[in-house]
Amino acid sequence: MEMEKHNVPNWKARMTDRMKYYVCFCKAAAFIAGAILCHSVVNYNVVGVLATYFTDAFNQDAIHKSAVLVNVLGGLQVVVVACSWAYSGSFGFRKIIIFSTAINILGLLMLYLSASNRIPKTNFVPYIFVCVLIAVGKFGGSSLLGRVLLDELISGHEKKEQIDRKRAQCRRIVWLVIAKVLVFIIPFNGRWSTKFWISMCIIGGAGFISLVSSCFFHGGHPASGTKTHPETSGECNLKKDHDTLPPDLPFKNGKIQPIKPSSHAGAEAQQKSPSPICSMKQVNVADHLLRMIPMWSTFIVFGLVISTAETFFNLQDDSMVTQVGTSNFLIAKDALKVVAGSVCGWFLGSRRLSRSEQNFVLKLIICVGMIISVICPGLARQVEVQRLKNAHKMVSLDEKVPMSDWCMAPLFGLWGLMEGFSIRGLDEFFNYHVSKSVEDSGSEIYNKIPIAMGYLLSAVCVSVWKGWFGDTLNKSRLDKYYRMITVLALINLCWFFFVTIFYSTKEEEEAGVELQEIKVEVIFVEAP
């Protein structure tokens, strides 16, 4: 009995500690989560389903034009995110938010005028300009919110000398999940003109909330233009890169200590000029980035599959009897993506794996996503074949097919799992092979480059096989396009196996040899 009495408080204490580990409340985090909620509402209900509006806007060649516009919007994400990260240090978080919010509202305003028949819909060129504006608003300032939220949870609740980044990331996930769940509560129905008008108000509110959140920041943030936070300072990068430096270099007090060679050193050592540590780091980072190119090449076709799903899954769902809705499917897809990524992170963090075992597990995780990328368009083709059979039985091909959109649930589910496994695996693979000083930029910039190239490749494919697409989805042969995408995904899976088996094995062997043959040209001695 005494043991049970002692166990109850211990159990409660462990639960309390676990809750404190994952849950944290602060004013800045609450405001940032509110801004993320506003952007999520607009993305799920308007921006994520723009393909359906573009299809309704054009009278001729509607499917082809809609697909090109969606792919252009997705392909711009890397350029916009890179620019926002690059200029956030110079202009600051507030200016980036104000600029991106104004651009986003301008794009939504043009869509509102188009939906209200105040500007002509038939011209294709203005819609490209609209997509550029929407891309700046979607991927610009909003991409910084998650980064600022993480920095705020670190600087506001962790001691700077004992930064627990993993703990802050868990807390950020909790805040993001809360913001995503609240999307279900906010109704968003009506005509397109009403949706665009409400979206402008919501984006304006998100910009205001983001600016208010900056008043409660605890410390300097990379996104706010200051460099006071040690996690993003050069000193911290040197500390994080300590593991990648040769073992014979002294590293004390957060600094590398070079001194001049003594007079007794050989003539050859005296003639050699010291190499700057910064240059050495830059060369190492560039070399590691080049080693990532083969793995990145496997994600170009993967991005093609994602862009195909983002474009045509929405159109398929819109052409059926609505019982769930595209927006709800998109929310469920992102939920599965988070679950799959969290499972991968938990598996990697809960087991003590050697470097070779960790490398194998990362490739296995990516492989699961690649296999799903073959299954997903193949299953979508089967759904489209059945949908076309039902469509041709109707009197008019312009009406909705008498078929429940519940048949689209497996497609959106596979889409979420595909992204969750492969993208999380690619992020961890990048962190494994590249210097720690550029880990934060990996998932935000570098790893999105091949996926953005997949969006542009999708625009090319849709234009090349333009004859398969008509004015409506019922008059198109989307099943043939899905078959072509499935074949390309299967070829890409074979290329992925080649990269993982041959290239990665060779890379590990070369890395082992290089570590044994490292020779430093600068003489280092212990600092006093």
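Remember, it's a predicted structure, so these values are computed and weren't measured experimentally.

### A word on helix α14 (residues 293-318)
With 26 residues, α14 extends 38 Å from end C-alpha to end C-alpha; this agrees with the ideal 38 Å at 1.5 Å per step. The axis of α14 is deflected most strongly, by about 25°, at Val301. The element α14 is largely enclosed, with a buried count of 21 among its 26 residues.

### Quick look at the packing of aromatic side chains
Scanning the model with the defined rule gives 23 aromatic pairs in all. Ring centres 6.1 Å apart and planes at 45° place the aromatic pair Phe58 and Phe124 in the tilted group. One end of the pair, Phe58, is in the loop between α3 (50-57) and α4 (62-75); the other, Phe124, is in the loop between α6 (93-115) and α7 (125-139), and 66 residues separate them in sequence. We classify Phe124 as partly exposed; its relative accessible area is 22%.

### Digging into the nonpolar core
Tyr53, Phe54, Leu111, Phe196, Phe312, Phe313 and Tyr481 are the most contacted members of the largest nonpolar core, which has 128 residues in total. Excluding residues that lie within four positions of it along the chain, Phe313 makes contacts with Thr308, Cys376, Ala380, Met408, Leu411, Phe412, Trp415 and Tyr482.

### Remarks on unusual backbone geometry
Its identity as a non-glycine residue notwithstanding, Asp61 has a phi of 55°, on the positive side. In this fold, Asp61 is placed in the loop between α3 and α4. By relative accessible area, which is 16% here, Asp61 ends up buried.

### Quick word on the pairing of strand β4 (residues 401-404)
With burial as the criterion, only one face of β4 is covered, namely that bearing Val401 and Met403; the residues Pro402 and Ser404 on the opposite face remain uncovered. The pairing of strand β3 (residues 320-321) with β4 spans two bridges and is parallel. Opposite Val321, over in β4, you have Ser404 as the bridge partner.

### Focus: the pattern of salt bridges
Where charged atoms from two side chains of opposite charge approach closely, those side chains can pair. Evaluated as defined, the whole model comprises seven salt bridges. One salt bridge connects Asp61 with Lys466, and the closest N-O pair in it is separated by 3.4 Å. Pair noted here: Asp61 is in the loop between α3 and α4 and Lys466 is in the loop between α19 (448-464) and α20 (478-516), with a separation of 405 residues, a long-range link. Owing to a relative accessible area of 38%, Lys466 belongs among the partly exposed residues under this scheme. Linking Asp334 and Lys333 is a salt bridge whose minimum nitrogen-to-oxygen distance equals 2.8 Å. Classification of Lys333 by relative accessible area gives buried; the value is 8%. Residues participating in the shared-partner salt-bridge network are Lys333, Asp334, Lys337 and Glu419.

### Observations regarding the environment of Lys27
Tracing the backbone shows Lys27 in helix α2 (residues 27-45). Its relative accessible area of 52% is what places Lys27 among the exposed residues. Distance in space between the C-alpha atoms of Lys27 and Ser213 is 7.4 Å, their sequence separation being 186 residues.

### Topic: the packing of α14 against α19
Between α14 and α19, the least distance of the axes is 6 Å, while the angle of their chain directions is 60°. The angle between the axes of α14 and α19 places the two elements in the oblique class. The handedness of the crossing between α14 and α19 comes out as right-handed. Residues Trp296, Phe299, Ile300, Gly303, Leu304, Ile306, Ser307, Thr308, Glu310 and Phe312 of α14 touch α19, and the partners they reach there are Pro450, Ile451, Met453, Gly454, Tyr455, Leu457, Ser458, Cys461 and Val462. Considered class by class, the residues forming the contact of α14 with α19 number 13 nonpolar, five polar and one charged.

### So, the environment of Cys215
Along the chain, Cys215 falls in the loop between α10 (192-213) and α11 (234-240). For the pair Cys215 and Ala28, spaced 187 residues apart in sequence, the C-alpha to C-alpha distance is 7.8 Å.

### Some words on a nonpolar patch on the surface
A grouping of Leu457, Val460, Val464 and Trp465 is seen on the molecular surface, where their side chains present a nonpolar patch of about 330 Å² in accessible area. Looking at where Val460 falls in the secondary structure, it is placed in helix α19.

### Concerning the side chain of Ser327
Within the secondary structure layout, Ser327 lies in helix α15 (residues 326-350). Discounting residues that sit within four places of it in the chain, Ser327 has contacts with Tyr44 and Asn45.

### Here we look at the environment of Gln316
Here Gln316 is to be found in helix α14. Separated by 64 residues in the primary sequence, Gln316 and Ala380 have C-alpha atoms spaced 9.5 Å apart. Residues contacting Gln316, with those up to four places away along its chain left out, are Ala380, Val383, Glu384, Arg387, Met408, Leu411, Leu473, Leu478 and Tyr482.

### Some points on the confidence of the model for the protein chain
Summarising the model, the protein chain shows a mean pLDDT of 76, and 70% of its residues fall at 70 or more. Below a pLDDT of 50 lies the segment residues 259-273, which in the model reaches nine contacts outside its immediate sequence neighbourhood of four places, other chains included. Here residues 513-528 is modelled with pLDDT under 50, and outside its nearest four sequence neighbours on either side it reaches 24 contacts, counting other chains as well.

### Things to note about empty space enclosed by the protein
Counted according to the given criterion, the structure contains two cavities of 30 Å³ or more. Of the pockets and cavities examined, the largest cavity occupies roughly 70 Å³. Those elements that place two or more of their residues in the lining of the largest cavity are α3, α4 and α14. Along the lines of polarity and charge, the residues of the lining of the largest cavity split into five nonpolar, two polar and two charged. Here the second largest cavity is characterised by a volume of approximately 50 Å³. Those elements giving two or more residues to the lining of the second largest cavity turn out to be α6 and α7. Counting residues per element, the lining of the second largest cavity draws most heavily on α7, at three residues.

### Side note on α10
Under the 1.5 Å per step criterion, the end-to-end length of α10 is 31 Å for 22 residues, consistent within 8% with the ideal 32 Å. What α10 keeps buried is the set Trp192, Ser193, Lys195, Phe196, Ser199, Met200, Ile202, Ile203, Ala206, Gly207, Ser210 and Ser213.

Definitions and cut-offs
Residues numbered from 1 in each chain as written. Predicted model: local features only at pLDDT ≥ 70, side-chain atom pairs only at ≥ 80, totals over all residues. Heavy atoms only, no water. Helix = DSSP H or I, 4+ residues; strand = E, 2+ residues; numbered from the N terminus. Expected span 1.5 Å × (residues − 1). Bend = angle between axes of the 7 residues up to and from the residue. Buried < 20%, exposed > 50% of the residue type's maximum accessible area, 1.4 Å probe, protein only. Phe/Tyr/Trp six-rings, centres within 6.5 Å; stacked < 30°, edge-to-face > 60°. Core = buried A, V, L, I, M, F, W, Y, C linked by side-chain atoms within 4.5 Å. Contact = heavy atoms within 4.5 Å. Pairing = 2+ DSSP bridges. Salt bridge = Lys/Arg side-chain N within 4 Å of Asp/Glu carboxyl O. Axes fitted to C-alpha atoms, helices over the stretch in contact; angles between N-to-C directions. Parallel < 35°, antiparallel > 145°, perpendicular 65-115°, else oblique. Left-handed = near helix turned anticlockwise from the far one by under 90°. Nonpolar A, V, L, I, M, F, W, Y, C, P; charged D, E, K, R; others polar. Patch = residues over 30% accessible without salt bridge, like charges linked within 9 Å, V, L, I, M, F, W, Y side chains within 5 Å. Areas by Shrake-Rupley, 256 points an atom, 1.4 Å probe, with all protein chains shown as cover. pLDDT = per-residue confidence, 0-100. 1 Å grid on protein atoms, 1.4 Å probe; cavity = no way out; pocket = protein on both sides within 12 Å on 5 of 7 lines; lining within 4 Å. Points joined across faces, edges and corners; volume = space filled by probe spheres on them.

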